[in-house]
Amino acid sequence: MTVINDGPMYAREIMDMAGALFPVYYPAAKHYCLEGKNTRIPKIESGTYKGEPLYKFVVREDTEQVVGLHSGKYPEVDGYQMLADMADMMFPASTTSCTLWGDGEKVAITQELEGGTIDLGGGDKIQSHLVWISSLDGSWSTSVYDMQRRFFCQNQLVGKPLLKVRHTKNHDDIFEMKATILKEAAEQALAWQGKALALKEQPMIDLEFFALVNLLVPIEDDMSSRKENSTRRARGAMLARWELETKEWGEGNGWLAWNAVQGAEQHTINAGTRRDKAKSLQKAIEGKTPLANKAMSLILAR
């Protein structure tokens, strides 16, 4: 489930709207014995955690749904309360969206950074955001990523993780983490600006873009019908976005070409036939954007 607000608000408010602030508990994992229906709880036999359950579940108190299974040494947290607290303490009233996956196994929130707008020329602007992620199933550690959002097409350019967040109420620690996040986010925004300007300096006509598409998603003789159909859909999405880019901004260049590819991958290819924004965002966070990455390399190498 994804909730997107018209304007920035507190993380706790929008996470509550998305149903992400549910309480959890950690029951010990049991198993049935082969001889009968009796159950037993395997225990850790030595060390600091001796006597603790070998494994434990993470269970939602409100629905009794299991959202994680971990070693008995896994630290217990109060669901996503910590994420909401840390986001609001560092950047209050700046959260714009919350995405919750499955039964609550993973969550992400986005925050808009004040004063983070960069004009690339001619009104083509990108806005700096942060993406906070966490999980109860262990698939994601609690981290903050930088993300640039392009105003024209709403392309989300997710960058690298800025830091892993630790739970603390110490104001000095919070101030230090906030300073690190802002410094790293500013550097990433400037890096994106540099890439964008370098790409804009490379003119590109229609035939050159078509050649780029052929390199990225070629149609091969031995393709299955299913693979050929998905390839043709990907090519069609790229060509359609190229047409939108050049119609809006005029003569083609590397920046428009890269956005056409990146936009097709984000909004169509990674989102699937159901246009699942959560699926697309997850792939962006996990760095599963091979077409955009390859396109960037190919265009800059021209």
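Conventions we followed
Residues numbered from 1 in each chain as written. Predicted model: local features only at pLDDT ≥ 70, side-chain atom pairs only at ≥ 80, totals over all residues. Heavy atoms only, no water. 1 Å grid on protein atoms, 1.4 Å probe; cavity = no way out; pocket = protein on both sides within 12 Å on 5 of 7 lines; lining within 4 Å. Points joined across faces, edges and corners; volume = space filled by probe spheres on them. Helix = DSSP H or I, 4+ residues; strand = E, 2+ residues; numbered from the N terminus. Nonpolar A, V, L, I, M, F, W, Y, C, P; charged D, E, K, R; others polar. Pairing = 2+ DSSP bridges. Phe/Tyr/Trp six-rings, centres within 6.5 Å; stacked < 30°, edge-to-face > 60°. Buried < 20%, exposed > 50% of the residue type's maximum accessible area, 1.4 Å probe, protein only. Polar contact = N/O pair within 3.5 Å; in protein donor to acceptor, adjacent residues only side chain to side chain. Core = buried A, V, L, I, M, F, W, Y, C linked by side-chain atoms within 4.5 Å.

**Focus: empty space enclosed by the protein**
- Enumeration according to the criterion identifies 1 cavity of 30 Å³ or more in this entry.
- In this structure, the largest cavity encloses a volume near 50 Å³.
- Lining of the largest cavity is provided by Q156, Q262, E265, Q266, N270, S280, L281, A284, T289 and A292.
- Broken down by secondary-structure element, the contributors of at least two residues to the lining of the largest cavity are α6 (254-269) and α7 (277-285).
- Residues that form the lining of the largest cavity fall into these classes: 3 nonpolar, 6 polar and 1 charged.

**With respect to the layout of surface pockets**
- Quantified by volume, the largest pocket comes out at close to 580 Å³.
- Forming the walls of the largest pocket are 25 residues, and the residues nearest its centre are I4, R149, Q154, Q156 and K277.
- For the lining of the largest pocket, the secondary structure elements donating two or more residues are β1 (2-9), β7 (95-101), β8 (106-119), β9 (125-135), α6 and α7.
- Classifying every residue of the lining of the largest pocket by side-chain character gives 7 nonpolar, 13 polar and 5 charged.

**Description of the sheet that holds strand β2 (residues 24-25)**
- A sheet is described by the order of its strands in space; here 3 strands give the open sequence β2-β5-β6, paired in antiparallel fashion. Edge strands, defined here as strands with exactly one partner in the open sheet, are β2 and β6 (66-71).
- Bridge count for β2 against strand β5 (residues 55-60) is 2 bridges, and the pairing is antiparallel. From the neighbouring strand, V24 faces β5, where its bridge partner is R60.

**Focus on the packing of aromatic side chains**
- Under the defined criterion, the tally for this structure stands at 5 aromatic pairs.
- Between F22 and Y80, the aromatic rings sit 5.9 Å apart at their centres with planes inclined by 80°, giving edge-to-face as the arrangement. Of this pair, F22 sits in the loop between α1 (11-17) and β2 while Y80 sits in the loop between β6 and α2 (81-90), placing them 58 residues apart in sequence. Neither F22 nor Y80 differs from the other in exposure class; each is buried.
- With a centroid separation of 4.4 Å and an interplanar angle of 5°, the aromatic rings of F209 and W242 are classed as stacked. Highlighted residues: F209 in helix α4 (residues 206-216) and W242 in helix α5 (residues 225-249), separated in sequence by 33 residues. For the pair formed by F209 and W242, the shared burial category is buried.
- Here the aromatic cluster, defined as three or more aromatic residues joined through ring pairs, consists of W192, W255 and W258.

**Topic: the pairing of β9**
- Within β9, 10 of the 11 residues are buried, which leaves it mostly tucked inside the rest of the structure.
- Between β8 and β9, which follow one another and run antiparallel, lie 5 residues, and G121 among them has a positive phi close to 110°.
- Bridge count for β9 against strand β10 (residues 143-150) is 8 bridges, and the pairing is antiparallel. The residue bridging Q127 from the neighbouring strand is R149, located in β10.

**With respect to α6**
- The buried fraction of α6 amounts to 13 of the 16 residues, a majority that puts the element mostly inside the structure.
- Residue N253 occupies the N-cap position of α6, its side-chain oxygen lying 3.0 Å from the main-chain nitrogen of W255.

**Quick notes on the nonpolar core**
- Residues M15, L130, W132 and I181 are the most contacted members of the largest nonpolar core, which totals 37 residues.
- It is α2 that provides the largest number of residues to this core, a total of 6 residues.
- Counting 30 residues, the second largest nonpolar core, distinct from the first, contains L157, W242, W258 and A295.

Distances and angles like these do not, on their own, reveal function.
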